[in-house]
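Remarks on the overall topology
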Amino acid sequence: MAGQTLYDKLWQDHLVKSREDGTALIYIDRHLIHEVTSPQAFEGLRLAGRKPWRKDSLVATPDHNVPSEASERAGGVAGIRDEVSRIQVQTLDENCRDFDVVQFGINEPGQGIVHVIGPETGATLPGMTVVCGDSHTSTHGALGALAHGIGTSEVEHVMATQCLIQKKMKNMLVRVDGVLGRGVTAKDVVLAIIGKIGTAGGTGYAIEFGGEVMRNMSMEGRMTVCNMAIEAGARAGMVAVDQITLDYVKDKPYAPKGADWDRAVAAWSQLHSDDDAEFDAVIELRGEEIEPQVSWGTSPEMVVAVSAQVPDPAAEADATKRAGVERALEYMGLTAGQKITDIKLDRVFIGSCTNSRIEDLRAAAAVAKGQKKADSVKQVLIVPGSQAVKAQAEKEGLDQIFIDAGFEWREPSCSMCLAMNADKLGAGEHCASTSNRNFEGRQGYGGRTHLVSPGMAAAAAIAGHFVDVREFATQLEIA
Amino acid sequence: MKAFTQHKGLAAPMDRANVDTDLIIPKQFLKSIKRTGFGPNLFDELRYLDEGQPGQDCSQRPLNPEFPLNFPRYQGASVLLARKNFGCGSSREHAPWALDDHGFRAIIAPSFADIFFNNCFKNGLLPIVLDEAIVDQLFEEMHAQEGYELTIDLEKQQVVKPNGETIDFEVDAFRKHCLLNGLDDIGLTLEDADDIRTYEAKRREQAPWLFDAVK
């Protein structure tokens, strides 16, 4: 019999019951909650007279609707100017109070984007099953966990039963071997993967990211890659546990301590695919071949290297795809054959659950140091992913580097990734964004998003158009 | 949840691949704390010529005359014909809520994104996967014939065309059972509460650090 994949092991470890109809009850260890996808679930519990099955599995924080602008943020929940946003955050407060759920409130030290605070507090750990009413829950798979997004009905289901009804997914291995060139980051790796397999390439699969590039990647980088597994269609992405994982998790506030730590490490050391494990699909990429990536269209698969040109729909044989390219070019205001480096930016956003961790801010600051944003760029937002990331960045003086460059240093929130707070693009504006989705209207009505790494975003902010961060860095003599 | 047994309704097109849930229901409408009322904002950015805001009276807004769902011939449609990877992106259940609130009961496409597909079943909305060639044909027939109605028989797992021709489709046995009977799956899972407790006790013993860490 073939060995087990990492996903097989995580599945097996959480299997409560297999049912005759082919479904299974899977136990959930950690359930993260935010204000947007939870109110109807709490209401459902109330209407049915139910209580959370295991309160200590729940951790809540507001992130999508909270203002990033310091003066508005200073007023706390009551200070949120948008009434509908305020009600939603207030509702989370009330629900957490009524159901006695631990919440990191709007201006408390633990607050941040759910997918940033989970790993950084140790609330999410290797070997866990992690869910949240948010598709980017795949992020936590970087720890060697089985983590995926769920809808609001399932949020209610997990709160009420601690379980999910699931069918096992298929196994996919995405192996990135070799080494990455200087200036090429985890974001470029995952965009290149999505460009290769498409936004439905991982549908029905759990993806394990492996190979030399992943093994050498930092935890922050692995989170960036797993975060966007959903953009490749896979609900769950994951990376095997190794020393890098253990070094990251150790001493996190909610991580096991003492004898429990030793027991946990022994258990977690099994969290890798066996040498003879069989995958239903294997995708291979070479690290050396990956260049800094820029998305040009309205789907994350519409991505090319910064040295390339906007594609020509005429070259697309499939009619539906061709229509998609034509529509994307029209929406984006781009022409076939245009050089990516000729695309001018109106705004730049550095943040989101994809790229708002300390390593991301360091990469952006390395490019921005001693520079000024281009006059033609109206706004550059730097939005740290959590209060802890913000504090660390300020300790390192990164905030001052950004402010000196004419960037805006904001408060932890999802911000312009999906524009549920006041941060949004105007119609027709082009944005270099470190977020995860370039869908029509995602960052604001009529807004045009280009997905890039933090270094590429900072370089674009300074140049006013896309530039290859590798050349830019050479000019700046950044090692 | 409302049951789905058999449904006959007018078909309407959403003729593009990779329709994401941001397109189905834009983010500003996700601020609602209710499950209902999303229908008028379904496909908001395609349906209207202006930018929609929560709480607006949509009947006063300028409609996009080029958007097929605004065509008189598709008014009252309840079966949506769609393309590959429908419902990709965000996990927002507001997407099926909006489709349901607008009056759709079934969506036919060559493929769906996983989370959206799952969310549909929780809301009495039936997503049906058919071969791409068959979907192409349905699109053609619908375009050719005004008032093109499809009957969906979940019990028999068949789509019935106006000429009586039938197309079989697959559906997961558990989901079919829940949909046919309008069952609340929380109640069903709680029937296995003893199994959950047994598992939990074992897990607490094996991995105590997973319990009571966050208080």
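Definitions and limits used
- Along each chain, residues carry numbers from 1 onward, in the same order as the chain's sequence is written.
- Chains carry letters and ligands carry numbers; both start at the beginning, A for chains and 1 for ligands, and go up in the order they are written.
- Reporting of local features is limited, given that this is a predicted model, to residues whose pLDDT is at least 70; pairs of side-chain atoms are given and counted only at 80 or more, and all residues count toward the totals for whole chains, interfaces and linings.
- The basis for the side-chain values is all heavy atoms of the structure; hydrogens and waters are excluded.
- UniProt positions are given in the numbering used here, feature names are shortened, and annotations may be inferred rather than shown by experiment.
- Two residues form a contact once any of their heavy atoms are found within 4.5 Å.
- Accessible area, probed at 1.4 Å, shrinks when two parts are joined; the buried area is that loss added up over both.
- We define a salt bridge as a side-chain nitrogen of Lys or Arg found within 4 Å of a carboxyl oxygen belonging to Asp or Glu.
- Put simply, DSSP H or I for four residues or longer makes a helix, DSSP E for two residues or longer makes a strand, and each gets a number counted from the N terminus.
- Relative accessibility under 20% of the residue-type maximum defines a buried residue, over 50% an exposed one, and the middle range a partly exposed one, all with a 1.4 Å probe and only protein chains included.
- N or O atoms within 3.5 Å of each other form a polar contact, as long as, within protein, one can give a hydrogen and the other can take it, and as long as residues adjacent in sequence are counted only when both atoms are side-chain atoms.
- Disulfides are defined as cysteine sulfur pairs within 2.5 Å.
- For two strands to count as paired, DSSP must find a minimum of two bridges between them.
- When the strands point away from the viewer, a crossover counts as right-handed if the route from the first strand across the helix to the second turns clockwise.

- An unreviewed UniProt entry lists chain B under the name 3-isopropylmalate dehydratase small subunit, with Microbulbifer donghaiensis as the source organism.
- For the record of chain B, the UniProt heading Catalytic activity (unreviewed entry) holds the text "(2R,3S)-3-isopropylmalate = (2S)-2-isopropylmalate".
- The UniProt entry for chain B carries the following comment under Function (unreviewed entry): "Catalyzes the isomerization between 2-isopropylmalate and 3-isopropylmalate, via the formation of 2-isopropylmaleate."

- The name an unreviewed UniProt entry assigns to chain A is 3-isopropylmalate dehydratase large subunit, from the organism Microbulbifer donghaiensis.
- Database annotation for chain A, UniProt heading Subunit (unreviewed entry): "Heterodimer of LeuC and LeuD."
- Under the heading Sequence similarities (unreviewed entry), UniProt records this for chain A: "Belongs to the aconitase/IPM isomerase family. LeuC type 1 subfamily."

1. Comments concerning the interface of chain A and chain B
- Between chain A and chain B, the contact holds 77 residues from the first and 63 residues from the second.
- Buried area between chain A and chain B, both sides added, is near 6000 Å², and the carbon and sulfur share of it is 56%.
- Among the residues of chain A in contact with chain B, Gln-40, Trp-53 and Tyr-445 of chain A are the three that bury the most area, contributing 12% of the side total.
- Along the contact surface separating chain A from chain B lie 10 salt bridges.
- Linking Asp-22 of chain B and Arg-442 of chain A is a salt bridge whose minimum nitrogen-to-oxygen distance equals 3.0 Å.
- Mapped onto the side of chain A that touches chain B, the elements with two or more residues apiece are β1 (15-18), β2 (24-27), α2 (39-48), α4 (83-98), α6 (152-161), β8 (163-166), α11 (258-268) and α12 (319-332) of chain A.

2. Topic: the UniProt feature "binding site: [4Fe-4S] cluster" (unreviewed entry) in chain A
Residues and elements named next belong to chain A.
- In this structure's numbering, the residues bearing the UniProt feature "binding site: [4Fe-4S] cluster" (unreviewed entry) are Cys-353, Cys-414 and Cys-417. Across 65 residues, the annotated set stays spatially compact, with a maximum C-alpha separation of 8.7 Å.
- On the accessibility criterion, Cys-353 (7% relative accessible area) is buried.
- Among residues more than four places away in sequence, those in contact with Cys-353 are Ile-113, His-115, Val-116, His-136, Asn-227 and Asn-436.
- Tracing the chain through its elements places Cys-414 in the loop between β17 (408-409) and β18 (430-433).
- Classification of Cys-414 by relative accessible area gives buried; the value is 7%.

3. Thoughts on the side chain of Arg-442 of chain A
- With respect to the element layout, Arg-442 of chain A can be found in the loop between β18 and β19 (448-451).
- Polar side-chain contacts of Arg-442 of chain A include one of 3.0 Å to the side chain of Asp-22 of chain B.
- Each residue touching Arg-442 of chain A, except ones within four places of it in the same chain, is listed here: His-136, Cys-417, Leu-418, Ala-419, Asn-436 and Arg-437 of chain A together with Asp-22, Lys-27 and Arg-92 of chain B.

4. Some remarks on the state of the cysteines
Residue and element names in this part refer to chain A.
- Here the structure, examined in full by the defined rule, presents 0 disulfides over all chains.
- For the unlinked cysteine Cys-96, the closest cysteine sulfur is that of Cys-132, found at 12 Å.
- Here Cys-414 is not cross-linked by a disulfide; its sulfur's nearest cysteine counterpart is in Cys-353, at 6.7 Å.

5. Regarding the pairing of strand β15 (residues 347-350) of chain A
All names here are of chain A.
- Burial of the side chains of β15 extends over both faces: Arg-347 and Phe-349 are buried on one face and Val-348 and Ile-350 on the other.
- Here 4 bridges tie β15 to strand β16 (residues 379-382), and the two strands are oriented parallel to one another. Bridged to Ile-350 within β16 is Ile-382.
- A crossover links β15 with its parallel partner β16, the connecting element being helix α13 (residues 358-368), and its sense is right-handed.
- With 3 bridges joining them, β15 and β18 adopt parallel strand pairing. Within β18, the position partnered with Arg-347 by the bridge is Cys-431.

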